[in-house]
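Reading the structure
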Amino acid sequence: MEVIGIVLSLLLLMAFAYRGFSVILFAPIFALLAATMSGFSVMPAYTELFMAKAVTYVKSFFPVFMLGAVFGKVMEDTGMAKGIAKAIIKGLGQERAILAVVLSGAVLTYGGVSLFVVVFAVYPFAAALFREAQIPKRLIPGCIALGAFTFTMDAFPGTPQIQNIIPTNFLGTTLYAAPISGLIGGISILVLGMAYLNHRRKAAAAAGEGYGDHSLNEPVAGSTDDQFPNWKISVLPLLSVLIVNYLMSAVFTWNPEAIKPFAAMKLPLIVPAVKNVISIWSLIIALVFGIALAVVLGFRYLPKNGLQKALNAGALGSLLAIMNTASEVGYGNVIAALPGFKAIAGALLGIQIGGTPLISEAVTVTTLAGITGSASGGLSIALDLMAKDWLAWANTINMSPEILHRVASMASGGLDTLPHNGAVITLLAVCGLTHRQSYPDIFFMTVIKTLMVFVVIALHMLTGIL
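Notes on the structure in this doc start here. All of these numbers come straight from a predicted model, not from anything done at the bench. (Residues numbered from 1 in each chain as written. Predicted model: local features only at pLDDT ≥ 70, side-chain atom pairs only at ≥ 80, totals over all residues. Heavy atoms only, no water.)

Another point: empty space enclosed by the protein. If a probe the size of a water molecule is rolled over the atoms, the empty space left behind becomes visible. One pass over the full model with this rule turns up one cavity of 30 Å³ or more. Taken as a whole, the largest cavity holds about 50 Å³ of empty space. Around the largest cavity, the lining residues are Ala145, Phe149, Thr150, Gly413, Thr417, Ile442, Met445, Thr446 and Lys449. When grouped by side-chain class, the residues that make up the lining of the largest cavity number four nonpolar, four polar and one charged. (1 Å grid on protein atoms, 1.4 Å probe; cavity = no way out; pocket = protein on both sides within 12 Å on 5 of 7 lines; lining within 4 Å. Points joined across faces, edges and corners; volume = space filled by probe spheres on them. Nonpolar A, V, L, I, M, F, W, Y, C, P; charged D, E, K, R; others polar.)

Have a look at this one:
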């Protein structure tokens, strides 16, 4: 009954998330269902298990969510994000239309703009370009997914997306962990993804299929010709985030005793040592710098009271994002405390192919990301439950925690893009397309991404590269 309760709650959470119900409401309900079936009292399980971890997650990552959302909103409302996307797409033109859409998403994502903002920024130009080139509109979601949801989200070293930040809190690593593995994996994903999308384009052309007859969310004629800030100016805030983040995390020397005065106050600290929060602190400073620069450079492009609206919208929007993830983390903590989970955890830790924890880690992270429909949620749950075991295992074989970081980060962006994923649903809605029309291409990107994690693991096992 204990294991059945866990499986039942997982299936119900997946089903409700797929149908669009909020996990903020239903994650605790299904967690408490599993707890009740295991003999736990409902209210203690809610306040001491669910809420305890949910609140800790908010305490750890809220500044990153908030500042990232504000940065993305400022870049969106000033027109800078669209200016960059327009320059790339127009610069590469019809002949390289697919590459143009992929690269525009990749540049914005790697520069720190949130995935959701990227979708809104890139889609209008992608639709206009695909119409001119007579490429089926149904391929646009796959192109945006490849550019924004894969290699620049969690594979390339230094990416400021949350999926690359979370492991630093658990493993004491930096955003630049295992750079060679990340670059090999990321470039491979890009090459394979482009090959697939170009194959789909050629097959459609051979069948005589053009853009298609669409009326939902179609850009108004001439709307993409609006004036935006020059891309050379617009890219500066993105570069500032990357540069300041690198300087603060890799060049600046942080005082390792900085948190001792607060420990002496007997405050509930997030982490035991400064090294575990250097990446978060560095990114906070970098995002503040990026926001300030974006405001200065793009202020004249904002409407009246536009700055106030952009800052407020970004701050408020971040609340939904972090509460969704925090609820999933709270759910995972309840499940982890149940007796039935010991058998599941034992099975996952028992995956000892190659004598390393990497296979166990990859399978666990990508499975939980798929179940929750969230890369950050599945990653946080997995690391919170098993990071100490994987680290201990790695220490026994002299394995660097850096490769643990990169594998966990990349695995989180694998099965997370199942049909119930929020970013997938948003992407299709913005493009005015359905799962039936465009999800097969998104799913293929998911398959490439998931398989590439295990390719990276195999290369590391054979060569020892990081």
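There's more to say after this.
With that out of the way, let us pick up the packing of helix α16 (residues 358–372) against helix α17 (residues 375–396). In contact at an axis separation of 7 Å, α16 and α17 are set at 160° when each is read in the N-to-C sense. One finds that α16 runs roughly antiparallel with respect to α17. Note that α16 runs across α17; the crossing there is right-handed. Counted together, Ser360, Glu361, Thr364, Val365, Leu368, Ala369 and Thr372 of α16 and Ala375, Gly377, Gly378, Leu379, Ile381, Ala382, Leu383, Met386, Trp390 and Trp393 of α17 form the full contact between these two elements. Residues belonging to the contact of α16 with α17 are distributed by class as follows: eleven nonpolar, five polar and one charged. (Axes fitted to C-alpha atoms, helices over the stretch in contact; angles between N-to-C directions. Helix = DSSP H or I, 4+ residues; strand = E, 2+ residues; numbered from the N terminus. Parallel < 35°, antiparallel > 145°, perpendicular 65-115°, else oblique. Left-handed = near helix turned anticlockwise from the far one by under 90°. Contact = heavy atoms within 4.5 Å.)

As a volume, the largest pocket reaches approximately 1300 Å³. Taken together, 46 residues form the lining of the largest pocket, with Phe65, Phe116, Leu320, Ala321 and Asn324 sitting closest to its centre. Elements supplying a minimum of two residues to the lining of the largest pocket: α3 (42–77), α6 (115–133), α9 (162–171), α14 (306–337), α17 and α19 (422–431). Ranked by the residues each element gives to the lining of the largest pocket, the list is headed by α14, at nine residues.

This brings us to unusual backbone geometry. With phi around 55°, glutamine 134 is a residue other than glycine that occupies positive phi space. The residue glutamine 134 is located in the loop between α6 and α7 (140–148) in this model. On the accessibility criterion, glutamine 134 (45% relative accessible area) is partly exposed. Residues other than glycine seldom take positive phi values, yet asparagine 398 does so here, at roughly 55°. Note on placement: asparagine 398 falls in the loop between α17 and α18 (401–412). (Buried < 20%, exposed > 50% of the residue type's maximum accessible area, 1.4 Å probe, protein only.)

The subject of this paragraph is the side chain of threonine 159. Residue placement: threonine 159 occurs in the loop between α8 (151–155) and α9. In this structure the side chain of threonine 159 is engaged in a polar contact, spanning 2.6 Å, whose partner is the backbone oxygen of threonine 152. With residues near it in sequence (within four places) discarded, threonine 159 still touches Thr109, Tyr110, Thr152, Met153, Asp154, Asn164 and Leu175. (Polar contact = N/O pair within 3.5 Å; in protein donor to acceptor, adjacent residues only side chain to side chain.)

In this section: the pattern of salt bridges. Overall, the coordinates contain six salt bridges when judged by the stated rule. In this structure, the salt-bridge partner of aspartate 77 is lysine 73, at a minimum N-O distance of 3.6 Å. Within this pair, aspartate 77 and its partner lysine 73 are both found in helix α3, separated by four residues, close to a single helical turn. The exposure class assigned to aspartate 77 is partly exposed, which follows from its relative accessible area of 28%. Across the pair aspartate 154 and lysine 449 runs a salt bridge whose closest N-O atoms are separated by 2.7 Å. Residue aspartate 154 is found in helix α8, and its partner lysine 449 is found in helix α20 (residues 435–463); the two are separated by 295 residues along the sequence. With respect to burial, aspartate 154 and lysine 449 carry one shared label: buried. Sharing partners across several salt bridges, the network here consists of Lys73, Glu76 and Asp77. (Salt bridge = Lys/Arg side-chain N within 4 Å of Asp/Glu carboxyl O.)

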